[in-house]
Amino acid sequence: MSDFKLDLVIGEDFPAPGFRPEKGETISGAAVSKIFSVNSAGRRAISDGFHRGNGADSDSVGHPNDGNGKREHGSGKKSGPLISGTAYCISSCGMILLNKIVLSTYNFNAGISLMFYQNLISCLIVAALSFCGVVSVEKLNWKLVRVWIPVNVVFVGMLVSGMYSLKYINIAMVTILKNGTNIITAIGELYIFRKHQNQKVWTAMFLMIISAISGGITDLSFDSMGYTWQIMNCFLTASYSLTLRKVMDKAKQFTRSGSLNEISMVLLNNLLCLPFGIILILVFGEWEYIITTDVIKLPMFWVVATASGLLGLAISFTSMWFLHQTGPTTYSLVGSLNKIPISFAGLVLFKVPLSLPNFFSILFGLFAGIFFARAKMS
């Protein structure tokens, strides 16, 4: 996948399945780059309010004298956010780390093929869940597909560029550089939707620019190819978030229910990625590499590649679950804080050469990301 979910692509950066911006608004760049082959968008406040409204208060009214029932409900309410938040963080961190292992540790030089495999896994699982009646999926039709294809082209570019940037750059620097997506998205919102940000947001974005520049200058493992891919990824991710709202509104007109739920968008995005993936594999000659490489003969390679795809899909469900248990404010802040363990795990597990200035640049960038999330909340 993708926040895919990576997410791809860094899971925290793809649009949260529980978030649906209001008309005229867009999904922030930080939210977009996540779930990666799923990611798409969702609905926050309404579903959050619904779940809260059917919580302890209503239960207390119905059973005023049932002390044990209250205690059990209160215990579940307290543990729900912790369990769902832990699941969301684990799936997000795990997907990024496993993708890095596949691309760098196994030196797998076919990022498009990996994307295709993860998209296929997502399609099969969602189709199986729909067949069993576990999830509800809108019936696809040609008009809906035709409307969604343009944004899916951008989505594929976002996933591919995210894969290749992750291959050449260490995870910590990818996390810091992806902050650039927020800046591009904010500028796009200003000129396209006339949406103005407050002073704190612009200050946070200025800090992001400083951290990205200082991080690149002090990066001992600097790779021009990787940085080029990441810059492309920032622009593509921002473009995806800026165009998604309009496409979603138009796509709803061609569905039977008049809406397009998160699971349907997961299936639609991943399903449309498959033909584009095949074309890109043929154009870039990856099929020749796949045929001749020895790495695909290793059972553990397939275990890791499959696990990364499963975790990419898991981000969609765990982020939706976590959002329903908490709310958009907590979700956004945890997403920013989650970049800290991802970055440090990447530095330690992959033995990244690190200088003291680069280390402080990474810390500064992580702080800027958290400050940005807090500023957006205000």
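About the cut-offs
Residue positions are given per chain, counting from 1 as you read along its sequence in written order. Residue-level local features of this predicted model are given only where pLDDT is at least 70; pairs of side-chain atoms are given and counted only at 80 or more, and the full residue set underlies all totals for whole chains, interfaces and linings. The side-chain quantities take in all heavy atoms of the structure and omit both hydrogens and water. UniProt positions are given in the numbering used here, feature names are shortened, and annotations may be inferred rather than shown by experiment. Strands are runs of DSSP state E lasting at least two residues, helices are runs of H or I lasting at least four, and both sets are numbered from the N terminus onward. Burial status follows relative accessibility: with a 1.4 Å probe on protein chains alone, a residue under 20% of its type maximum counts as buried, one over 50% as exposed, and anything between as partly exposed. With residues, only the protein chains shown are counted as cover, and all accessible areas are computed by Shrake-Rupley using a 1.4 Å probe. Any Lys or Arg side-chain nitrogen found within 4 Å of a carboxyl oxygen on Asp or Glu counts as a salt bridge. Residue types Ala, Val, Leu, Ile, Met, Phe, Trp, Tyr and Cys, when buried and joined through side-chain atoms within 4.5 Å, form a set referred to as a nonpolar core. Note on contacts: a residue pair is in contact if any heavy atoms of the two residues lie within 4.5 Å. Like-charged residues within 9 Å of one another, or nonpolar side chains (Val, Leu, Ile, Met, Phe, Trp, Tyr) within 5 Å, are grouped into patches, provided each residue has over 30% relative accessible area and no salt bridge. In this charge count, Lys and Arg are treated as positive and Asp and Glu as negative; neither His nor the chain ends contribute. Charge positions are represented by NZ for Lys, CZ for Arg, CG for Asp and CD for Glu. Lines fitted to C-alpha atoms define the axes here, with helix axes fitted over just the stretch in contact, and angles between the N-to-C directions of these axes take values from 0 to 180 degrees. To sort the angles, those under 35 degrees are grouped as roughly parallel, those over 145 as roughly antiparallel, those from 65 to 115 as roughly perpendicular, and the leftovers as oblique. For a crossing to be left-handed, the near helix must be turned anticlockwise from the far one by less than a right angle; the clockwise case is right-handed. Charged means Asp, Glu, Lys or Arg here, nonpolar means Ala, Val, Leu, Ile, Met, Phe, Trp, Tyr, Cys or Pro, and polar covers whatever is left, Gly included. Put simply, two rings from Phe, Tyr or Trp (the six-membered ring, in Trp's case) pair if the centres are within 6.5 Å, and we call them stacked under 30 degrees between planes, edge-to-face over 60, tilted for the rest.

- An unreviewed UniProt entry lists the protein under the name solute carrier family 35, with Salix purpurea as the source organism.
- Under the UniProt heading Subcellular location (unreviewed entry), the note attached to the protein is "Membrane".

1. A word on the overall build of the protein
Okay, step 1: Check the secondary structure of the protein and you find 16 helices and zero strands.
Okay, step 2: Counting over 378 residues, the protein shows a buried share of 52%.
Okay, step 3: Split by element, the accessible area of the protein, about 16,500 Å² in all, is 69% carbon and sulfur.

2. Quick notes on the pattern of salt bridges
Okay, step 1: Applying the stated criterion to the full structure yields two salt bridges.
Okay, step 2: In this structure, Asp294 and Lys297 form a salt bridge, with 3.5 Å as the shortest nitrogen-oxygen distance. Take Asp294 and Lys297: they sit in the same class, and that class is exposed.

3. Digging into the environment of Met232
Okay, step 1: Looking at where Met232 falls in the secondary structure, it is placed in helix α10 (residues 224-251).
Okay, step 2: Spatially, the C-alpha atom of Met232 lies 6.6 Å from that of Ser161, the residues being 71 residues apart in sequence.

4. Brief notes about the nonpolar core
The tendency in soluble globular proteins is for nonpolar side chains to be buried as a group.
Okay, step 1: Ranked by internal contacts, the top residues of the largest apolar core, which has 58 residues, are Val102, Phe108, Leu114, Met115, Trp148 and Ile362.
Okay, step 2: Per element, the largest residue contribution to this core is 13 residues, and it comes from helix α6 (residues 142-168).
Okay, step 3: If we ignore the near neighbours within four places in the chain, the residues touching Leu114 are Asn99, Val102, Leu103, Phe108, Met163 and Ala305.
Okay, step 4: Among the nonpolar cores identified, the runner-up in size contains 10 residues, and Ala186, Leu207, Met208 and Ala375 belong to it.

5. Some words on a positive patch on the surface
Okay, step 1: A grouping of Lys143, Arg146, Lys246 and Lys250 is seen on the molecular surface, where their side chains present a positively charged patch.
Okay, step 2: The topology assignment puts Arg146 in helix α6.

6. Quick look at the packing of helix α15 (residues 339-349) against helix α16 (residues 356-377)
Okay, step 1: Contact pair α15 / α16: the axes reach a minimum separation of 10 Å and the direction vectors enclose 160°. Classified by the angle between their axes, α15 and α16 sit roughly antiparallel to one another. The handedness of the crossing between α15 and α16 is right-handed. Only Phe359, Ile362, Leu363, Leu366 and Ile370 of α16 make contact with α15, whose side of the interface consists of Lys339, Ile340, Ser343, Phe344 and Leu347.
Okay, step 2: Among the residues making up the contact of α15 with α16, the classes are represented as eight nonpolar, one polar and one charged.

7. So, the packing of aromatic side chains
Given two aromatic rings, one states the distance between the centres and the angle between the planes to describe the pair.
Okay, step 1: The tally for this structure, following the rule as stated, stands at 12 aromatic pairs.
Okay, step 2: Between Tyr88 and Phe322 the ring centres are 5.9 Å apart and the planes differ by 20°, which places this aromatic pair in the stacked class. Here the residue Tyr88 occupies a position in helix α4 (residues 67-105), and Phe322 occupies one in helix α13 (residues 299-325), the gap between them amounting to 234 residues.
Okay, step 3: Judged by relative accessible area, Phe322 falls into the buried class, the value being 4%.
Okay, step 4: Here the aromatic rings of Phe108 and Phe301 are separated by 5.0 Å at their centres, their planes lie at 50°, and the arrangement is tilted. Linking Phe108 in the loop between α4 and α5 (111-131) with Phe301 in helix α13, this pair joins segments that are 193 residues apart in sequence.
Okay, step 5: Accessibility expressed as a relative area gives 3% for Phe108, which makes it buried.

8. Details of unusual backbone geometry
Okay, step 1: Of note, Asn107 is a non-glycine position whose phi angle comes to about 55°, a positive value.
Okay, step 2: By secondary structure assignment, the location of Asn107 is in the loop between α4 and α5.
Okay, step 3: Given the relative accessible area of 43%, Asn107 is considered partly exposed.
Okay, step 4: Backbone geometry places Lys351, a non-glycine residue, at a positive phi of 50°.
Okay, step 5: Inspection of the secondary structure assignment puts Lys351 in the loop between α15 and α16.

9. Some details on a nonpolar patch on the surface
Okay, step 1: A cluster of nonpolar residues, Ile187, Tyr191, Ile192 and Trp202, forms a patch on the protein surface that exposes about 430 Å² of accessible area.
Okay, step 2: At three residues, the largest contribution of residues to the nonpolar patch is made by helix α8 (residues 179-192).
Okay, step 3: Note on placement: Trp202 falls in helix α9 (residues 199-218).
Okay, step 4: For Trp202, a relative accessible area of 31% puts it in the partly exposed group.

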